[in-house]
Amino acid sequence: ELAVSVERLSHRFGSKDVLRDVNFEVERGAIFGFIGPNGAGKTTTIRVMTTLLSPSFGRVRIDGLDVNVHPHEVRKRIGYMPDHAGVYERLTVREYLSFFADAYGTTSREQSNAVVDAVLELADMTKLQDLIVPTMSKGMKQRLQLARTLLHDPKVLILDEPASDLDPRARIEMRDLICELRKMGKTIFLSSHILTELADVCTSVAILEKGRVVAQGSIAELGRTIDLT
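Residues numbered from 1 in each chain as written. Predicted model: local features only at pLDDT ≥ 70, side-chain atom pairs only at ≥ 80, totals over all residues. Heavy atoms only, no water.

**Q** Looking at this structure, how should I read the packing of helix α3 (residues 93-103) against helix α4 (residues 109-122)?
**A** Packed helix pairs are characterised by how far apart their axes lie and by the angle those axes make with each other. Two numbers describe how α3 lies on α4: the axes approach to 9 Å, and their chain directions differ by 125°. Classified by the interaxial angle, the pair formed by α3 and α4 is oblique. Note that α3 runs across α4; the crossing there is right-handed. Residue-level inspection shows V93, R94, L97, S98, A101 and D102 of α3 in contact with α4, the latter providing R109, S112, N113, V116, D117, V119 and L120. Residue classes in the contact of α3 with α4 are distributed as six nonpolar, three polar and four charged. (Axes fitted to C-alpha atoms, helices over the stretch in contact; angles between N-to-C directions. Helix = DSSP H or I, 4+ residues; strand = E, 2+ residues; numbered from the N terminus. Parallel < 35°, antiparallel > 145°, perpendicular 65-115°, else oblique. Left-handed = near helix turned anticlockwise from the far one by under 90°. Contact = heavy atoms within 4.5 Å. Nonpolar A, V, L, I, M, F, W, Y, C, P; charged D, E, K, R; others polar.)

**Q** What is the right way to read the packing of aromatic side chains from this model?
**A** Remark: the centre distance and the inter-plane angle together describe each pair of aromatic rings, the angle taken between the planes. In total, this model carries seven aromatic pairs according to the counting rule given. Plain terms: the ring middles of F24 and F34 are 5.2 Å apart, the flat faces sit at 45° to each other, and that makes the pair tilted. One end of the pair, F24, is in strand β2 (residues 16-27); the other, F34, is in strand β3 (residues 31-35), with 10 residues separating them in the sequence. Classification of F34 by relative accessible area gives buried; the value is 0%. Judged by centre distance (5.3 Å) and plane angle (85°), the rings of F99 and F100 are edge-to-face. Among the aromatic residues, those joined into a cluster by ring pairs are F24, F32, F34 and F189. Across the ring face of F100, the terminal group of R148 is positioned such that the distance to the ring centre comes to 5.3 Å. (Phe/Tyr/Trp six-rings, centres within 6.5 Å; stacked < 30°, edge-to-face > 60°. Buried < 20%, exposed > 50% of the residue type's maximum accessible area, 1.4 Å probe, protein only. Lys NZ or Arg CZ within 6 Å of the ring centre and 35° of its normal.)

**Q** Looking at this structure, I do not really get the environment of R175. What am I missing?
**A** The topology assignment puts R175 in helix α6 (residues 168-183). Between the C-alpha atom of R175 and that of G14, which follows or precedes it by 161 residues, the distance is 38 Å. Beyond its immediate chain neighbours, meaning those up to four positions away, R175 contacts D200 and V201. Side chain to side chain, R175 and D200 meet in a polar contact 3.1 Å long. (Polar contact = N/O pair within 3.5 Å; in protein donor to acceptor, adjacent residues only side chain to side chain.)

See the structure below:
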């Protein structure tokens, strides 16, 4: 069964073709790496997947739902962590997560508190819940953003450059958290411009170059045909 299906996806900004006939599939429960240099079209693809942009041509389905036909249902099924997401000033970690839990529509204060407690524990941030968000390190903020995406228990996580600019320890912590989420049954879509950041966690990858998918498969399969260094 497929969590994500992208068929003949193309997009143009003005006279510039950003995506050209992009095709790939992500199986349920997979960790899928979407690799490409800056400007390859990764963010444009993600914006279509997350219902933020309508494609010029092609079809994208999340959990079997067309993103253009059922955008509201798709949003319930995805957790999106953009690259360099902003944070609110003068909020603690717990206040930040509680705000988004309320925005997602939890029905009571007790339910909201229970959801926040659960994601704090999962992200190993319970001891950090009283920190003011702007004082946190880059790695802590990335874990907080990932915790935010989990508040409504999405089936598919779409993470744009989750390991970008992290120090080695924070990168290991992010990798371990991603692997734990897969064990919980989540499907995880990761984008990165550096394949080695993801090679040890991805079950499959697609490589995007100048708006086209130039290779896809498992790390082992690609390693036999191209130089991954």
